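These are the residues of each chain, in order.
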Amino acid sequence: MHWHKTLIKYLLFFMLLPGGNLTGQRIPTNRLISKELLQETVLFLSQDSLQGRLTGSRGADIAAAFIAASFDSIGLQPRTGFDGYFDHFTADFNRKKIPAKNVVAAIPGNITNDTMVIFSAHYDHIGKGNDLPYNKDYTYQDDIFNGANDNATGVAALLELARYYKSQKNNRYLLLFIAFSGEEMEMLGSAH
């Protein structure tokens, strides 16, 4: 798997962009982000026991709890008015009402919270077998769609960006980190 090399390149690109430094020395990126941290997240989210993280499934709930615990351990704050890090909604898909949740956390701005920068990735995937109408178009021997590249890698990048910016303590504006659910169901989580 070469996904981790590409992911690290993108993370390095975004973190090395010039920006206002309010506190002096930056912590070198390679001391904060490692291939091992990225792999741990991707392997956890794409394991068979999560059954493809279909929105509303037990696997998606476990993934959401993992992301919330990661936000908490990094030191991000939950948003006011939510259930901790969870923003619950109902995914209305294929004539079904499916309980779903986005996972949301923030780093307050040092200058203002009236302007925000949003980092996001979706953590849901297409489940297994015929969970979604278009799953039958795929021909795999295994019926679990693990979603390592769709989008466990994106969530790994999201968590490492959160870790990076939290450690820098130099963001001017509110930084919002959102792991969306319902992306595979016509982007219902981001629409919510």
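Below, the structure is looked at part by part. Treat the numbers as computed from the prediction; the structure is a model and nothing was measured. (Residues numbered from 1 in each chain as written. Predicted model: local features only at pLDDT ≥ 70, side-chain atom pairs only at ≥ 80, totals over all residues. Heavy atoms only, no water.)

**What to know about the packing of helix H3 (residues 35–45) against helix H5 (residues 148–168)**
- Where H3 contacts H5, the axes come no closer than 9 Å and their chain directions differ by 140°. One element, H3, and the other, H5, form an angle in the oblique class. Between H3 and H5 lies a crossing whose hand is right-handed. The residues of H5 that touch H3, namely those facing Leu37, Leu38, Thr41, Val42 and Leu45, are Ala148, Ala152, Thr153, Val155, Ala156, Ala157, Leu159, Glu160 and Arg163.
- Across the contact of H3 with H5, the residue classes tally to ten nonpolar, two polar and two charged. (Axes fitted to C-alpha atoms, helices over the stretch in contact; angles between N-to-C directions. Helix = DSSP H or I, 4+ residues; strand = E, 2+ residues; numbered from the N terminus. Parallel < 35°, antiparallel > 145°, perpendicular 65-115°, else oblique. Left-handed = near helix turned anticlockwise from the far one by under 90°. Contact = heavy atoms within 4.5 Å. Nonpolar A, V, L, I, M, F, W, Y, C, P; charged D, E, K, R; others polar.)

**A short note on the packing of helix H4 (residues 58–74) against H5**
- Direction vectors running N to C along H4 and H5 enclose 15°, while the axes themselves pass 10 Å from each other. In terms of their interaxial angle, H4 and H5 are classed as roughly parallel. As H4 packs across H5, the resulting crossing turns out to be right-handed. Between H4 and H5, the contacting residues are Phe66, Ile67, Ser70, Phe71 and Ile74 on the first element and Val155, Leu158, Leu159, Ala162, Arg163 and Lys166 on the second.
- Grouping the constituent residues of the contact of H4 with H5 by class yields eight nonpolar, one polar and two charged.

**Observations regarding the packing of aromatic side chains**
- Inspection of every chain in the model, using the stated rule, returns five aromatic pairs.
- Note on phenylalanine 44 and phenylalanine 66: the rings are 4.3 Å apart at their centroids and 20° apart in plane angle, and the pair reads as stacked. Taken together, the positions of phenylalanine 44 in helix H3 and phenylalanine 66 in helix H4 put the pair 22 residues apart, joining distant regions of the chain.
- Ring pairs connect the aromatic residues Phe119, Tyr164, Tyr165 and Phe177, which therefore count as one cluster. (Phe/Tyr/Trp six-rings, centres within 6.5 Å; stacked < 30°, edge-to-face > 60°.)

**A word on the pattern of salt bridges**
- All told, the structure shown has three salt bridges when counted by the stated rule.
- Here aspartate 61 makes a salt bridge to lysine 101, at a shortest N to O gap of 3.2 Å. Of the two residues, aspartate 61 is situated in helix H4 and lysine 101 in strand S2 (residues 96–107); the sequence distance between them amounts to 40 residues.
- Between glutamate 160 and arginine 163 there is a salt bridge, and its shortest N-O distance comes to 2.9 Å. Pair noted here: glutamate 160 and arginine 163 are both in helix H5, with a separation of three residues, about one helical turn.
- Residue glutamate 160 is classed as buried on the basis of its relative accessible area, which comes to 1%. (Salt bridge = Lys/Arg side-chain N within 4 Å of Asp/Glu carboxyl O. Buried < 20%, exposed > 50% of the residue type's maximum accessible area, 1.4 Å probe, protein only.)

**Some remarks on the environment of proline 99**
- As for its placement among the helices and strands, proline 99 is situated in strand S2.
- Ignoring any residue separated from it by four or fewer positions in sequence, one finds proline 99 in contact with Gly56 and Phe89.

**Let's talk about the environment of alanine 60**
- Here alanine 60 lies in helix H4.
- Residue classification places alanine 60 among the buried residues on the basis of a relative accessible area of 2%.
- With 122 residues separating them along the chain, alanine 60 and glycine 182 place their C-alpha atoms 10.0 Å apart.
- Residues in contact with alanine 60, not counting those within four places in the same chain, are Arg53, Leu54, Thr55 and Tyr123.

**Considerations on H4**
- Its 17 residues give H4 an end-to-end C-alpha distance of 24 Å, which sits within 8% of 24 Å, the value for a rise of 1.5 Å per residue.
- Where H4 is concerned, the buried positions are Gly59, Ala60, Ala63, Ala64, Ile67, Ala68, Ser70, Phe71 and Ile74.
- The elements touched by buried residues of H4 are H3, strand S1 (86–93), S2, H5 and strand S4 (174–180).
- Just beyond H4, the residue with positive phi is glycine 75, at close to 105°. (Expected span 1.5 Å × (residues − 1).)

**Quick word on the pairing of S2**
- Summarising burial for S2: nine of the twelve residues are buried, a large majority.
- Pairing between S1 and S2: eight bridges, direction antiparallel. What sits directly across from histidine 88, in S2, is lysine 101.
- With five bridges connecting them, S2 and S4 associate as antiparallel partners. The residue of S4 that forms the bridge with valine 103 is alanine 179. (Pairing = 2+ DSSP bridges.)

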